[in-house]
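# Examination of the molecular architecture
This is what each chain is made of:
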Amino acid sequence: MKILVIGSGGREHTLVWKIGKSSLVKQIFCAPGNAGTNRLPKCENVNIKPTELDKLLAFALFKEIDLTVVGPEDPLVMGIVDLFTANGLAIVGPSQRAAELEGSKIFSKEFMLRHNIPTAEYLGDFDSCLRALAFVDGVKFPIVAKADGLAAGKGVKVCHTITEAREFIDEAMAGRKFGMAGAKILFEEFLDGEEASLLYFSDGENILPMASSQDHKPVNDNDEGLNTGGMGAYSPAPVVTPKIAEQVMRDITVPTIRGMAQEGRPYRGILYVGVMIKDGQAKVLEFNARFGDPETQVILPRLKNDIVPVLMRVATGTLKGLTLDWDPRPAVCVVMTSGGYPGPYTKGHVITGLEQAEQMGDVIITHAGTALKDGKIVTNGGRVLGVTAMDRDMLMTILAAYNAVELINWEGAHYRQDIGRKALKYLKI
Ligand code: AMP
Ligand code: GLY
């Protein structure tokens, strides 16, 4: 088979790595990929951006691609699945109307209300700056403000004071900080607790859960500093007890897949449910219409099945009867970033120690913001790479990941020192 993977981050690197292990696969193309995907067996990078839908379609038709896997959200929300399907190509991901679950936070909030899905209380949405300002005059803080559309994970602000709320309104609506994504904003209740990510394969009817995981969004240790695309992850997340997993499936995932089908938007693809857990109860923070990054880096190495038939069955609506087999060993991914990220940073620094780190057993290095320059791998983005390790228990896995991280360096490299620490508090050690 020939597979096309769309995207260029650590998530897509992991997808290519996992797909490459399938004996069914002869060739993989990654559009546009990164310096790491190009070095993986069977894989070749293709210089097409994820948002260039027509070029991707022409490429897939010309190369007779058997299955396309979409990493990021933008092409999904732009309708890549509808376009490929109309042209007879198999593709994994929700249709444009189903991807609205991620593409519009107002749609997703109203959908949850319609189907009684537990989530933070909805305080209201606004398309007028003046009315939004008047609204925050009368509320009790903290509240959470969100841009309606896609804002690369940056369109959410927990507002502790009226000044912060006014700042958000001003930046999003008057300043168009998130472009048209912030033309409408919404406010919701602030939820306290511990976050977790629950991902599912669904063919529109049947649902297959993946192993649980937890992301680390803030840039510094102890969850301090600005939010980022994700500074690390681990799987499984002990906060997701079997009881929580069951509650999420019963109260959130099943009603979501059923509700989307009832509303004429059958959801076929990967459903990412981001939850806040408190007092044994999970509530939805967000839906994503795709694999998470960096959650994928810790979930897929634990999946024992060949992923290609699983993805094919998602795309063709034939998931029924399939079971997934998980490696009991945990996985931990530490993300290394350019100094200064998520603020301004410099690029082009030579990365050293990659080969030594790669030689360690059960360590996978996934590239994100890297490039090849004069035969050397250099930094080329904010989140530069991720180091994923697997070992017999959580403590050993954390140590293995950091042993590999310490071998890798470049000028200004930054990483959190506490990835996985939250999992340790659940273990009796
Ligand atoms: P979202 O993109 O909606 O998941 O928001 C990004 C991050 O903001 C989440 O991962 C949470 O850390 C935080 N967040 C979002 N909504 C809430 C909420 N209602 N209460 C507390 N924190 C939230
Ligand atoms: N890890 C959060 C996301 O993928 O949106």
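Here, every reference points to the structure presented above.
Quick caveat, the model's predicted, so the values are computed rather than measured.

We now examine the site of ligand 2. The environment of ligand 2 is formed by Asp215, Tyr272, Asn288, Arg290, Gly292, Asp293 and Glu295. In the environment of ligand 2, a nitrogen atom lies 2.9 Å from a nitrogen or oxygen atom belonging to the backbone of Asp293. Contacts to ligand 2 include Glu295, whose side-chain N or O atom sits 2.8 Å from a nitrogen atom. Within the complex, the protein chains bury 89% of what would otherwise be the 200 Å² of accessible surface of ligand 2.

A separate point is the site of ligand 1. Neighbouring ligand 1 are 14 residues; Glu188, Leu191, Glu195, Lys217 and Glu286 lie closest to it. Take Lys105: an N or O atom from its side chain is 3.2 Å from an oxygen atom of ligand 1. Note that an oxygen atom of ligand 1 is positioned 2.4 Å from one of the side-chain N or O atoms of Glu195. Protein chains shield 92% of the accessible area of ligand 1, which is 460 Å² for the free molecule. Those elements that place two or more of their residues in the shell around ligand 1 are strand E7 (143–147), strand E9 (185–189) and strand E17 (281–288).

Right, let's get into the sheet that holds strand E12 (residues 214–215). The pairing of strands in a sheet comes from backbone hydrogen bonds and takes either a parallel or an antiparallel form. Spatial strand order, E12-E15-E18-E22-E19: 5 strands in an open sheet with antiparallel pairing. Both edges of this open sheet fall to E12 and strand E19 (363–367), since each of them pairs with a single strand only. Sheet topology note: the E12/strand E15 (residues 232–235) ladder contains 2 bridges and is antiparallel. Paired with Gln214 across the bridge in E15 is Tyr234. Strand contacts of helix H13 (residues 394–405): E15, strand E18 (331–337), E19 and strand E22 (383–390), with the helix running at about 30° to E18, the strand carrying the most contacts.

So, about the sheet that holds strand E1 (residues 2–7). Pairing within the open sheet is parallel, and its 5 strands lie in the order E3-E2-E1-E4-E5. Strands at the two margins of the open sheet, each flanked by one partner only, are strand E3 (43–45) and strand E5 (91–92). Inspection of the sheet shows E1 paired to strand E4 (residues 67–70) by 4 bridges, in the parallel sense. Bridged to Val5 within E4 is Val69. In the packing of helix H1 (residues 10–20) onto the sheet, the strands contacted are E1, strand E2 (27–32), E3 and E4, and the crossing angle to E1 comes to about 165°.

Turning our attention to the nonpolar core. Counting residues in each nonpolar core, the largest one holds 74 residues, and the members touching the most others are Ile80, Leu385, Val387 and Ile408. Ranked by residues supplied to this core, first place goes to H13 with 7 residues. Core analysis: the second largest hydrophobic core is formed by 32 residues, Leu67, Val69, Leu208 and Leu311 among them.

For the rest of this paragraph, the subject is the pairing of E2. Strand direction decides the pairing type here: E1 and E2, joined by 6 bridges, are parallel. Along E2, the bridge assignment pairs Lys2 with Gln27. Note on the crossover from E1 through H1 to E2: the handedness is right-handed.

Its location among the elements puts Gln247 in helix H9 (residues 242–262). Among the polar contacts made by the side chain of Gln247, one reaches the main-chain amide nitrogen of Ala282 at a distance of 2.9 Å. Look past the residues within four positions of Gln247 in its chain and what remains in contact with it is Pro118, Ile252, Gly280, Gln281 and Ala282.

Let's shift gears to the pattern of salt bridges. Within the structure shown, the criterion is met by 22 salt bridges. Across the pair Lys422 and Asp223 runs a salt bridge, and its minimum N-O distance is 2.9 Å. Residue Lys422 is located in helix H14 (residues 421–424), and its partner Asp223 is located in the loop between strand E13 (218–220) and strand E14 (224–227); the two are separated by 199 residues in the primary sequence. By relative accessible area, which is 33% here, Asp223 ends up partly exposed. The shortest N-O distance in the salt bridge between Asp251 and Arg250 comes to 3.0 Å. Shared partners join several salt bridges into a network, and the residues in it are Asp223, Arg416, Asp418 and Lys422.

Turning to H9, a few remarks are in order. Here H9 contains 21 residues, and its C-alpha end-to-end distance of 28 Å stays within 8% of the 30 Å for a straight helix at 1.5 Å per residue. A bend of about 40° at Met249 is the largest found in H9. Within the sequence span of H9, burial applies to Ile244, Gln247, Val248, Ile252, Thr253, Pro255, Thr256, Ile257, Gly259 and Met260. Of the surrounding elements, those touching the buried residues of H9 are helix H5 (100–103), helix H6 (105–114), strand E10 (194–203), strand E11 (207–209), strand E16 (268–278) and E17. Following H9 by one or two positions, Gly264 adopts a phi angle in the positive range, close to 75°.

This part takes up the environment of Ile299. Of note, Ile299 is situated in helix H10 (residues 295–299). The exposure class assigned to Ile299 is buried, which follows from its relative accessible area of 1%. Along the chain, Ile299 and Ala98 lie 201 residues apart, while their C-alpha atoms are 24 Å from each other. In this structure Ile299 touches Leu199, Met210, Ala211, Ser213 and Trp326, once residues within four positions along its chain are discounted.

Once that is clear, we can look at the environment of Ile398. One can find Ile398 in helix H13. Its relative accessible area of 10% is what places Ile398 among the buried residues. Residues Ile398 and Ile28, spaced 370 residues apart in sequence, show a C-alpha to C-alpha distance of 31 Å.

Each value, and the rule that gives it
Residues numbered from 1 in each chain as written. Chains lettered and ligands numbered in written order. Predicted model: local features only at pLDDT ≥ 70, side-chain atom pairs only at ≥ 80, totals over all residues. Heavy atoms only, no water. Near = heavy atom within 4 Å. Polar contact = N/O pair within 3.5 Å; in protein donor to acceptor, adjacent residues only side chain to side chain. Areas by Shrake-Rupley, 256 points an atom, 1.4 Å probe, with all protein chains shown as cover. Helix = DSSP H or I, 4+ residues; strand = E, 2+ residues; numbered from the N terminus. Pairing = 2+ DSSP bridges. Contact = heavy atoms within 4.5 Å. Axes fitted to C-alpha atoms, helices over the stretch in contact; angles between N-to-C directions. Core = buried A, V, L, I, M, F, W, Y, C linked by side-chain atoms within 4.5 Å. Buried < 20%, exposed > 50% of the residue type's maximum accessible area, 1.4 Å probe, protein only. Right-handed = clockwise from strand over helix to strand, strands pointing away. Salt bridge = Lys/Arg side-chain N within 4 Å of Asp/Glu carboxyl O. Expected span 1.5 Å × (residues − 1). Bend = angle between axes of the 7 residues up to and from the residue.

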